[in-house]
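# Structural characterization, general
Residues per chain are reported as follows:
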Amino acid sequence: FAGNIEAAVDFARRCGDAVSALSEAGLARYGATIATLMTQKAATYLYAEEFDEAERALRSVIDDPARPSVHEVAHAHALLALSAAWSGRMHDAAAAIDACEAVPLPVGWRTSFFGSSYRIAKGLVLLDQGDAPGAMLERTGLDRFEADLEAWPLAVMVEALAIEAATGPAEALAALE
């Protein structure tokens, strides 16, 4: 669906409808797959800037009484932080980052591809708190994922904002060129 956000959103909606139609037995049978589907559905809504829909999908993973895998819960918190930061709700983003950091995951997850939403959100929150060097550190931690990261434009935005905060708009524009 790259380049066709309308088709991606339509598919995400249909996936959500299919999950809603599952019986309790179906939900139990496909629980782990549903958690992954909901985080992917949320990512689609994020890129369409449908933040309420994204966050509804993420809450379904976080609040699932069957408790999906710790990785899915952390991923949902990271995407929730990104959604809140991207939509300018920095207090909510900071709370989601704290929740994400509280999930017991293996050492190094924040520096993995899996942690990219967390790092972008944290960079935006740090910028909001006046910590441009900290934001840049979060951004540069994503360098090795440049070719694969669908959120790369957001990472570049964090970089440009951090440079602008530290040295001014001319330098930020030069870095973007």
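Residues numbered from 1 in each chain as written. Predicted model: local features only at pLDDT ≥ 70, side-chain atom pairs only at ≥ 80, totals over all residues. Heavy atoms only, no water.

### Here's the deal with the environment of Thr39
Inspection of the secondary structure assignment puts Thr39 in helix α3 (residues 31-47). The buried category is assigned to Thr39, whose relative accessible area is 1%. Distance in space between the C-alpha atoms of Thr39 and Ala57 is 6.9 Å, their sequence separation being 18 residues. Every residue in contact with Thr39, bar those within four places of it in the chain, is listed here: Leu58, Val61, Glu72, His75, Ala76 and Leu79. (Helix = DSSP H or I, 4+ residues; strand = E, 2+ residues; numbered from the N terminus. Buried < 20%, exposed > 50% of the residue type's maximum accessible area, 1.4 Å probe, protein only. Contact = heavy atoms within 4.5 Å.)

### Focus on the confidence of the model for the chain
Residues at a pLDDT of 70 or more form 97% of the chain, whose mean pLDDT is 89. At the level of individual helices and strands, the chain shows its lowest average pLDDT in helix α2 (residues 24-29), which scores 87, and its highest in helix α7 (residues 116-128), which scores 95. (pLDDT = per-residue confidence, 0-100.)

### A short note on the pattern of salt bridges
Under the definition given, this model contains nine salt bridges. The partner of Glu101 in a salt bridge is Lys122, with the nearest N and O atoms 3.1 Å apart. Linking Glu101 in helix α6 (residues 90-102) with Lys122 in helix α7, this pair joins segments that are 21 residues apart in sequence. Of the residues examined, Glu101 reaches a relative accessible area of 29% and is grouped as partly exposed. Because the salt bridges share partners, they merge into one network encompassing Glu55, Arg89 and Asp92. (Salt bridge = Lys/Arg side-chain N within 4 Å of Asp/Glu carboxyl O.)

### Side note on unusual backbone geometry
Not every positive phi belongs to a glycine, and Glu49 is a case in point at roughly 60°. Structurally, Glu49 is set in the loop between α3 and α4 (51-62).

### What to know about the nonpolar core
By size, the foremost hydrophobic cluster in this structure holds 51 residues, and its most contacted members are Ile120, Leu124, Leu127, Leu142 and Leu149. Those elements that place two or more of their residues in this core are α1 (5-20), α3, α4, α5 (70-86), α6, α7, α8 (132-140) and α9 (152-167). Ignoring sequence-local partners within four residues, the contact set of Ile120 consists of Leu82, Leu142, Leu149, Ala151, Leu154, Ala155 and Val158. (Core = buried A, V, L, I, M, F, W, Y, C linked by side-chain atoms within 4.5 Å.)

### Structural notes on α3
In a regular helix each residue adds 1.5 Å, so 17 residues correspond to 24 Å; α3 covers 25 Å between its end C-alpha atoms and thus fits that length. Along α3, the positions that sit buried rather than exposed are Ile34, Ala35, Met38, Thr39, Lys41, Ala42, Ala43, Thr44, Tyr45 and Leu46. (Expected span 1.5 Å × (residues − 1).)

### As for the packing of α3 against α5
Packing of α3 against α5 leaves a shortest axis separation of 10 Å and a crossing angle of 15°. Between α3 and α5, the angle falls in the class roughly parallel. Considering only the axes of α3 and α5, their crossing is left-handed. Together, Ala35, Thr36, Thr39, Gln40, Leu46 and Tyr47 of α3 and Glu72, His75, Ala76, Leu79, Leu82, Ser83 and Trp86 of α5 make up the contact between the two elements. Of the residues contributing to the contact of α3 with α5, the split by class is seven nonpolar, five polar and one charged. (Axes fitted to C-alpha atoms, helices over the stretch in contact; angles between N-to-C directions. Parallel < 35°, antiparallel > 145°, perpendicular 65-115°, else oblique. Left-handed = near helix turned anticlockwise from the far one by under 90°. Nonpolar A, V, L, I, M, F, W, Y, C, P; charged D, E, K, R; others polar.)

### Remarks on α1
Taking 1.5 Å per residue as the helical rise, α1 with its 16 residues ought to reach 22 Å, and the 22 Å between its terminal C-alpha atoms agrees with that figure. Turning to α1, its buried residues number three or more, namely Ala8, Val9, Ala12, Cys15, Gly16 and Val19. Relative to the axis of α1, the buried residues are bounded by an arc of 120° and lie together on one face. Across from the buried face of α1, at angles greater than 90 degrees, the exposed residues are Glu6 and Asp17. Structurally, α1 contributes buried residues whose contacts are with α2 and α3. (Arc of directions from axis to C-beta.)

### Some points on the packing of aromatic side chains
The description of an aromatic ring pair rests on the distance of the ring centres and on the angle between the ring planes. For the coordinates displayed, the defined rule picks out two aromatic pairs. Relative to Trp86, the ring of Phe51 has its centre 5.7 Å away and its plane inclined at 70°; by these criteria the two rings are edge-to-face. In this pair, Phe51 is assigned in helix α4 and Trp86 in helix α5, connecting sequence segments 35 residues apart. Note on Trp86: relative accessible area 21%, which makes it partly exposed. An aromatic cluster of at least three residues, connected via ring pairs, comprises Tyr47, Phe51 and Trp86. (Phe/Tyr/Trp six-rings, centres within 6.5 Å; stacked < 30°, edge-to-face > 60°.)

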